Structures are given as structure tokens and as C-alpha cells.
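Fold and contact review
For reference, the chains in residue letters:
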Amino acid sequence: MAIHEKTLIDPSRLITSDTLVVDGVDVSGHWNTMILPRTLKEYDDGFEAHIKEYAGAENVHRCWQCGSCTNSCTMYAQNTDFNPRYWIYLTRLGLKDEILKDKDIIWQCVSCNKCTNICPKDVRPEGVMKALAHWIEAEGFGEKSNSTIFDEEFARQCIARGRIEDSEVMTNFYKNTNQDIKEMALNGWLGIFVARMNKWTELRNGNIWKFITRTPIMHSLHMGYSMFFKPKTKSWGHTGEVLSQYVKEQKELAHG
Amino acid sequence: MAKVAYYPGCALEGSGGPYDRSTRALVKSLGMEMETVHDWNCCGAMEVKNIHPMLQTYMSARVMAIASEQMGYDTVMAPCNGCYHNLKKAEYELATSSESLDTLQGLAKKSEDPVYKGDVRTVHLLEWLMEDLGADGIKQKISKSLNGIKVANYYGCMYTRPRQIFPEKDQGPGSESSYKPHFMDDLLGAAGAVNVDFPLKTACCGGAHTLSDADTSTQLVLNIIQAAEDAGAEVIATECPTCHSGLEMHQVRAETEFGIKTNVKILYFTQLLGLAMGLSARKLGVHENVSDSLDFLHAKGVV
């Protein structure tokens, strides 16, 4: 079994001695830090095959570790712990415990597709990131991420009506993630955003004429109307039911 | 000029309303013709594929099938990067996998929806304008110069990546480049804008996580806005409702929550081009943007 480089120097595997005598020679101060030797046993031979059953990760076996994905990654530039190459490597080795150490950030992939664009082996790392995030949630290793909660609300509206409505996506997302949308609207940036959109800031500054000429009446009315009469694809019929049934069958087929 | 089927998508029906209005007004003023896809559905945006990729493929193919089978068009035009990306991705998937095509057609028959046969292509509004008029054609039609407004053209992720799904790009002179897109630069340059050297043309705004990971989105948006300001831009021109909303929302969030104030204006490229065609700012929905650019445009003599 290969040794994978990152946990070799895991802080928990370092031992430091103030005084150290090796074969009768005092090497204190020179060689006082050692790395515990080990053999990896906790890998899962079937893990790669299991992850490939999640949509998006079909090509994970093609990776030859060139590192282009991580090199181009938007999130790696924000946080060097976000490392698609490394997680693909761990997936292929079946080192689930090591992947789970990063379970709180894997879901943060922004789907910018830089990795999938640059990958010379068509691994489609963006899909692998999503598959790993879904595996973590499905196996109960982590809470459902905000990203998944958002996706589920969005897809629910699509399946039900064929279309989504912006404010419904937003309010249900905040509701489902236990965030207080009223508080954000009254005292947070969201309220300031809405105020600027409706040009209330001009009113507050006493620029009555600017407020009258610039307030987006039709736009606001249209968006308000959509909140009550949801946009709907009339010919959607039972398309949503057929699609839901298909997805259910596919997931059962893959994960039982 | 070829008439196309217009697919606005959910964002242009809602928060991206000014993009829809400015697109319609611009297209009309240029004498181009399009017809809205009948009773269209959502393309699945960036979310539905995470529930299951076939859901997204189906929803995109359904739109193309309506345009082709029910309306007789061979081209669908989408101004939204997300819609454009998804339709192109479905096109690619269904052209390269007979298994996916079989599954899709089976689902369409079961749903009693029009069946996609692979005989329709999707173009972005930018591509349609370049194909039909080009920068020279636009130059002949402008009635008012953009007076050297310094613009950073921001294309975003979905217009260029992954390049596999855009076979028309990177085909040599005249074609769009997936690495260094230039169609928006060409069109706005023809209308009298000065395109600044903007290095983050295809950087990510974090649109997929605008709400679900707001701190990341704010940081990514700040990267873009500050790079544009460093390059000397007065305006960031957008071509995607998600990028546009993301830039506007997180510009406000950066200012109000983190005290980082930026001054660059954010406008849809259709609003800028429309102004150059002599259309009124109101008709183009400039006042509907959150980023208030009217005083600036007045000072520049564009409005």
C-alpha cells in the first residue's frame, strides 16, 4: 500500500524529545523530532467503485495526479486546504478517514469548471467534488450542507412547476437553514440591498426627484406579482412526476 | 438575418428583468428578429444537476425540442450564461452518448413532451450579435458613442468552460476564444467604449454559492471588482444575470458588512449597447440595477 504524503507529517504523528540519545550518542537539539512509522491499514478497496456510482464521479479512475485541477482551482486560491487532486488521490486509495477530515469544506466547490476544463484526462473533478459531498451526506458523516439545501429547494420548484421564483428560493433557503430572513432584511445587508434596489436611499437623502424618476416601479411590481402568482410552465403536465420517478429509480439502482 | 428562438430563462423573468428588457429593446433596435420559446421551462441552472445530471439534461433538451419540433427553429438564443451553458452541455451529452439520448427520448415520450432529435444548436446573445452583425455592423448602427467609458468586460465561468461543450469556440480568426473571450470587447469597443486590460474576464464570482456560502462569494466578487478598478475601469459589463446579481449583492455586502467600498458601476452589456443605439436608459432598465450608474452616465454624456 502506498504511503500518502500528507498524514506522514500529521502533527499527531510527530514526537519531540528534549534529550535524545541514539546508540550512546547524545543528538539532543539536532535530531530531537521524529515521525512515528506506520503501515496504513484503514483503506477501503471498494471505495473508488462506490464513489463512481455517484453522479459526476464516473471518470475518477482516469486521474493520473498531474495536479492541474488544484492548480487552476478557484477555491484552492482561497484556501489551500481545498485540494481536489488530493481528494481524488484519497478516493482512489480508499482512504475514507482522510477525506472525512475535510468534510466541512468539500461542499464549497463553486462549480466554476476550471478543473474540468483543464483536466487532460477528462476526470471531471467538479463532478467528483459534488459526488464526495453527496457521499458524506448520504452516509451520515456530515450535516446536509447549505449548498445541498439550496439545490434541493431549487430542484423542488423546478420539478413541481417547471420554473423557479427568485424570492421563494431565497426565503425557503433561509428558512430551511434556520436563518432569520426578517432580521437580515431589517438590520442586515439584505435590507440595504433591497433599499438600494428600490432607491429608498435617494428618498432618505432628500433627493425626491431622483427617487421618483429612478424607482423601479414595474420591476418591483413584477417581482411582487411573481411572489403571489408563481411562474409556471403550463405544458409541464406530469413531466415532474416522470423525472422524480426516474431519479428515484436511478438512486436505488446505484445505492440500494 | 437568421431569426432565432429566444430562451430568456427564469433569471431574466425575475431578478434579471433589466437584462431581458434591454435584450429585447436592443435586438429590436438592431432590426434583428427573435421569437420567445413557447411555454419554456427552467434549464436547471447550476443546482438541478447536483440532484441528478439527467434532470438537467432533460430540462435543457425540452427547451430545445420545443424550439425545434413545435416552432421550427434550428437555433436557440440564450442571453443567460447558465442557460447557455446547460443547453450546450445537454447538446454535447446527447450527441456523444447514445445511451443518454435513448434515456432522454424515453422520458420525453413518457412525459408527452416534444422529443429532442439533436437538430438544434444554442448560441449566446453575444455570439448571435457577432454572427449576424459583427463589430463593423454594430459600428454602422450606433447613433451615440459610449464616449470612451472605460469598461472591464466580465464573461464569467459558464460562457467559456468547460471548452469541450463549445465546439464553435477556439476555431481560429473570427471565432470566440474560450481562454480569452473577446466578443463583448469587440462589440462595446465598436460602440465607443474603451476596454481596459482586465485579467479576471473568466474568473468565478461564486454564483453557485451566492447565498449558501456568502463569505466565499463576497471574496470572489471583491477580487473581480478590485481587479477591474485597478485596471482603471469605470464600469463592469456583464453578460449573465447570475454574475450581475452576484456582483451587485456582494458589492453591497462587502461595503455594509466589511466596510470595503468600491465605486465601479455594474451594467449589462446590452444596456451599454442599447444606450449607444440611442435607446433611453429607462427602456433599458438602467434604473432597475442596484448599482446606480445614472449620474455617472449623465456626466459621461451617454444618457
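Calculation criteria
Residues numbered from 1 in each chain as written. Chains lettered and ligands numbered in written order. Predicted model: local features only at pLDDT ≥ 70, side-chain atom pairs only at ≥ 80, totals over all residues. Heavy atoms only, no water. Salt bridge = Lys/Arg side-chain N within 4 Å of Asp/Glu carboxyl O. Helix = DSSP H or I, 4+ residues; strand = E, 2+ residues; numbered from the N terminus. Axes fitted to C-alpha atoms, helices over the stretch in contact; angles between N-to-C directions. Parallel < 35°, antiparallel > 145°, perpendicular 65-115°, else oblique. Left-handed = near helix turned anticlockwise from the far one by under 90°. Contact = heavy atoms within 4.5 Å. Domains from an automatic or database assignment. Buried area = accessible area lost by both parts, 1.4 Å probe. Polar contact = N/O pair within 3.5 Å; in protein donor to acceptor, adjacent residues only side chain to side chain. UniProt positions renumbered as here; feature names shortened; annotations may be inferred. Buried < 20%, exposed > 50% of the residue type's maximum accessible area, 1.4 Å probe, protein only. Pairing = 2+ DSSP bridges. Right-handed = clockwise from strand over helix to strand, strands pointing away. Expected span 1.5 Å × (residues − 1). Arc of directions from axis to C-beta.

With that out of the way, let us pick up the pattern of salt bridges. Residues and elements named next belong to chain A. Tallied over the full model, the rule gives 31 salt bridges over all chains. The residue R92 makes a salt bridge to E48 at a minimum N-O spacing of 2.5 Å. With R92 in helix α5 (residues 84-93) and E48 in helix α2 (residues 47-52), this pair connects stretches of sequence that are 44 residues apart. Where E165 meets K230, a salt bridge forms, and the shortest distance between an N and an O atom there is 3.1 Å.

Turning our eyes to something else, we now look at the packing of helix α12 (residues 189-197) of chain A against helix α11 (residues 241-258) of chain B. Close contact between α12 of chain A and α11 of chain B brings their axes to 9 Å; oriented N to C, the two are set at 125°. Between α12 of chain A and α11 of chain B, the angle is such that the two are oblique. Seen from above, α12 of chain A lies across α11 of chain B with right-handed handedness. Residues W189, I192, F193 and R196 of chain A of α12 of chain A touch α11 of chain B, and the partners they reach there are E248, M249, V252, R253, E255, T256 and E257 of chain B.

So, on to the domain arrangement of chain A. When cut into domains, chain A gives domain 1 (6-35), domain 2 (46-139) and domain 3 (146-239). In this structure, domain 2 of chain A and domain 3 of chain A have C-alpha centres spaced 33 Å apart.

Opposite the 70 residues of chain B that make contact, chain A presents 65 residues. With both sides pooled, the region where chain B packs onto chain A buries about 5900 Å², and carbon together with sulfur makes up 60% of that total. One salt bridge connects R163 of chain A with D39 of chain B, and the closest N-O pair in it is separated by 4.0 Å. If you look at where chain B meets chain A, you find 30 residue pairs in polar contact (both at pLDDT 80 or more).

This brings us to the UniProt feature "domain: Cysteine-rich" (unreviewed entry) in chain B. Residues and elements named next belong to chain B. Per the UniProt record, "domain: Cysteine-rich" (unreviewed entry) is found at residues 4-88 and 152-247. The distance from the first to the last C-alpha atom of residues 4-88 is 16 Å, and the span holds 56% helix and 12% strand. Annotated as 33% helix and 8% strand, the span residues 152-247 places its first and last C-alpha atoms 13 Å apart.

Let's shift gears to the pairing of strand β7 (residues 235-238) of chain B. Residues and elements named next belong to chain B. Where burial is concerned, the two faces of β7 agree: the one with V235 and A237 and the one with I236 and T238 are both buried. Sheet topology places strand β5 (residues 150-153) next to β7; 3 bridges connect them, and they run parallel. Residue V151 lies in a different strand from β7, and its bridge partner there is V235. Here 4 bridges tie β7 to strand β8 (residues 265-268), and the two strands are oriented parallel to one another. Residue pairing for β8: I236 is matched across the bridge by I266. For the segment spanning β7, α11 and β8, crossover handedness is right-handed.

Time to look at helix α6 (residues 98-111) of chain B. Taking 1.5 Å as the rise per residue, α6 of chain B with 14 residues should run 20 Å; its terminal C-alpha atoms sit 20 Å apart, in good agreement. Those residues of α6 of chain B that fall on the buried side of the exposure criterion are S100, L104, Q105, L107, A108 and S111 of chain B. Along the axis of α6 of chain B, the buried positions cluster into a sector of 160°, meaning they face one direction only. Residues of α6 of chain B that are exposed and point more than 90 degrees away from the buried face comprise S98, E99, D102, K109 and K110 of chain B. Against α16 (239-255) of chain A together with α4 (53-70) and α5 (81-96) of chain B lie the buried residues of α6 of chain B.

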